[in-house]
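# Coordinate analysis (summary)
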Amino acid sequence: MAVAARVKPQDLFTPEEWTRISARSSWRGIAMVAHAWAVILLAGALFVLFPNPLTYVLAVMLIGARQLGLAILMHEAAHGGLHPNLKVNDWIGEWLCAAPTGASLASYRPYHLTHHKFAQQAEDPDLVLSAPFPTTRASLRRKIVRDLTGQTFFKQRFGPLLGKLRVSSGDQPKGAIFAGEVARQRPFLLWNLGILLVLSAMGLWWAWLALWIVPMATWFPLVTRLRNIAEHALVAKDEPDPFRHARTTHANWIERALIAPYHVNFHAEHHMFMHTPCWNLPLAHRLLEKKGLTAGMLTAPGYLTVLKAASSKPVAA
């Protein structure tokens, strides 16, 4: 197995610089998780207080982006970056970030660390996400439509259950299959039941569907796709240069609010220094830039630029 090439931070930074870049915090990760939930609550309140089509669309986009934010912070927890105490790190990552979005930190961590170990190599489990690109504009449009119409959400949420039901034999009753799926998704179901009960007590039972499930079924899958495309699409398979295992996409404030929260756009730096807390990745980028090292990195000026390149495949005659 070909392990992806690595860089040594000590070859790039002074000891003082690396101390700043690698420094952990006992409060910043917690503050980011609190921020994600605060944005979700405030975006929902915006529509409740000022109900109209514009505020609803804005609320869906903001909430869906922060649901992605929770997934990103789960990813941070997978690297032990949310809190210096691993037990605190894992509890926050599992119950406040992963469970609400239907993920599992315990399952995600070994999968994701394998991705880092073999980034863009044949053994990379995420290679399937970048393999289809470049694709045609029509293909990308179809993917976006599937995301925004809930088809991607339905496939991801109910696909495993339906697949088990299709291939089940008489030896396994369908009731047992349903029970197993409920057990697998218990944290996600408990979170949704809790949200529904709290909102119902406030006379806002409908907000669970309109302001939690709809964003999760529409904007969240779309921005997750955009994030995946920006990070690794069009990155060469078996790329030997660790500066080019992933892409850093420069994001303006609108993109950070609606597509790329919590510094997820600094993905090249994340792959080079994968245990660096996400809030220090912009610092790593600035120091690399000062040293003239970003010229060799894979970067993009914005998400639209990446999408144009990723959908540049000509239509077959």
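Residues numbered from 1 in each chain as written. Predicted model: local features only at pLDDT ≥ 70, side-chain atom pairs only at ≥ 80, totals over all residues. Heavy atoms only, no water.

### Examining helix α4 (residues 53-78)
With 26 residues, α4 ought to run about 38 Å at 1.5 Å a step, and its terminal C-alpha atoms sit 37 Å apart, in line with that. Along α4, 21 of the 26 residues are buried, which leaves the element largely enclosed by surrounding structure. Where α4 begins, one side-chain oxygen reaches toward the backbone nitrogen of Leu-54, 2.9 Å away; that side chain belongs to Asn-52. Directly after α4, the chain includes Gly-80, whose backbone phi takes a positive value near 75 degrees. (Helix = DSSP H or I, 4+ residues; strand = E, 2+ residues; numbered from the N terminus. Expected span 1.5 Å × (residues − 1). Buried < 20%, exposed > 50% of the residue type's maximum accessible area, 1.4 Å probe, protein only. Polar contact = N/O pair within 3.5 Å; in protein donor to acceptor, adjacent residues only side chain to side chain.)

### Description of the environment of Val-3
Inspection of the secondary structure puts Val-3 in the segment before α1 (9-12). You can call Val-3 partly exposed: its relative accessible area is 47%. In this structure, Val-3 is in contact with Lys-117 and Phe-118, ignoring residues within four places of it in sequence. (Contact = heavy atoms within 4.5 Å.)

### Focus on a positive patch on the surface
A surface patch of like charges, here positive, comprises Arg-137, Arg-141, Arg-142, Arg-146, Lys-155 and Lys-308. Residue placement: Lys-308 occurs in helix α17 (residues 303-310). (Patch = residues over 30% accessible without salt bridge, like charges linked within 9 Å, V, L, I, M, F, W, Y side chains within 5 Å. Areas by Shrake-Rupley, 256 points an atom, 1.4 Å probe, with all protein chains shown as cover. Salt bridge = Lys/Arg side-chain N within 4 Å of Asp/Glu carboxyl O. Lys, Arg positive; Asp, Glu negative; His and termini not counted. Charge placed at Lys NZ, Arg CZ, Asp CG, Glu CD.)

### Brief notes about the packing of aromatic side chains
Any pair of aromatic rings gets described here by the distance separating the centres and the angle formed by the planes. Applying the stated rule across the entire model yields 8 aromatic pairs. Centroid distance Phe-13 to Trp-18: 6.1 Å. Interplanar angle 15 degrees. Geometry classified as stacked. Residue Phe-13 is classed as buried on the basis of its relative accessible area, which comes to 5%. Taken together, Phe-13, Trp-18 and Phe-273 form an aromatic cluster joined through their ring pairs. Across the ring face of Tyr-262, the terminal group of Arg-66 is positioned such that the distance to the ring centre comes to 5.0 Å. (Phe/Tyr/Trp six-rings, centres within 6.5 Å; stacked < 30°, edge-to-face > 60°. Lys NZ or Arg CZ within 6 Å of the ring centre and 35° of its normal.)

### Topic: the UniProt feature "transmembrane region" (unreviewed entry) in the protein
Taking the numbering used here, the UniProt-annotated feature "transmembrane region" (unreviewed entry) corresponds to residues 30-50, 56-74 and 188-214. Along residues 188-214 the backbone is 89% helical and 0% strand, and the end-to-end C-alpha distance reaches 15 Å. (UniProt positions renumbered as here; feature names shortened; annotations may be inferred.)

### Considering the packing of helix α10 (residues 174-184) against helix α11 (residues 186-201)
Look at α10 against α11: their axes get within 5 Å of each other, and the N-to-C directions meet at 70 degrees. Between α10 and α11, the interaxial angle falls into the category roughly perpendicular. Counted together, Val-182, Ala-183 and Arg-184 of α10 and Arg-186, Pro-187 and Leu-189 of α11 form the full contact between these two elements. Looking at the contact of α10 with α11 residue by residue, the classes come out as 4 nonpolar, no polar and 2 charged. (Axes fitted to C-alpha atoms, helices over the stretch in contact; angles between N-to-C directions. Parallel < 35°, antiparallel > 145°, perpendicular 65-115°, else oblique. Nonpolar A, V, L, I, M, F, W, Y, C, P; charged D, E, K, R; others polar.)

### Details of the side chain of Glu-94
Within the fold, Glu-94 resides in helix α5 (residues 86-98). For Glu-94, which is buried and forms no salt bridge, the nearest opposite charge comes from Arg-109, at a distance of 7.5 Å. If near-sequence neighbours (up to four positions away) are discounted, Glu-94 is found in contact with Ala-99, Ala-103, Ser-104, Leu-105 and Ala-106.

### Things to note about the nonpolar core
Residues Val-33, Leu-73, Leu-82, Leu-211, Trp-212, Trp-219 and Ile-229 are the most contacted members of the largest nonpolar core, which totals 64 residues. At the level of secondary structure, the elements contributing two or more residues to this core comprise α3 (28-49), α4, α5, α6 (105-117), α11, α12 (205-217), α13 (219-232) and α17. Ranked by residues supplied to this core, first place goes to α4 with 14 residues. Excluding residues within four positions of it along the chain, Leu-73 makes contact with Met-32, Val-33, Ala-36, Leu-82, Cys-97 and Tyr-262. Counting residues in hydrophobic clusters, the runner-up holds 13 residues, among them Phe-273, Leu-287, Leu-288 and Met-297. (Core = buried A, V, L, I, M, F, W, Y, C linked by side-chain atoms within 4.5 Å.)

### Describing a nonpolar patch on the surface
On the surface, a nonpolar cluster with roughly 550 Å² of combined accessible area is contributed by Val-48, Leu-49, Phe-50, Trp-205 and Trp-206. Contributing elements (two or more residues each) for the nonpolar patch: α3 and α12. Overall, Val-48 belongs to the partly exposed group, its relative accessible area being 32%.

### Examining the packing of α4 against α13
Where α4 contacts α13, the two axes come as close as 8 Å, and the packing angle between them is 55 degrees. By the angle class used here, α4 and α13 are oblique. Handedness of the α4/α13 crossing: right-handed. Of the residues in α13, those touching α4 at Val-60, Met-61, Gly-64, Ala-65, Gln-67, Leu-68, Ala-71, Ile-72 and His-75 are Trp-219, Phe-220, Val-223, Thr-224 and Arg-227. Class assignment of the residues belonging to the contact of α4 with α13 gives a composition of 9 nonpolar, 4 polar and 1 charged. (Left-handed = near helix turned anticlockwise from the far one by under 90°.)

### A closer look at the pattern of salt bridges
For the coordinates displayed, the defined rule picks out 6 salt bridges. For Glu-17, the salt bridge goes to Lys-291, with nearest N and O atoms at 3.0 Å. Here the residue Glu-17 occupies a position in helix α2 (residues 15-22), and Lys-291 occupies one in the loop between α16 (281-290) and β2 (298-300), the gap between them amounting to 274 residues. On the basis of relative accessible area, Lys-291 is assigned to the partly exposed category, the value being 36%. When the shortest N-O distance is used, the salt bridge between Glu-181 and Arg-184 registers 2.5 Å. Here Glu-181 and its partner Arg-184 are both found in helix α10, 3 residues apart, which amounts to about one turn of the helix. On the basis of relative accessibility, which here comes to 5%, the residue Glu-181 falls in the buried class. Overall, Arg-184 belongs to the partly exposed group, its relative accessible area being 47%.

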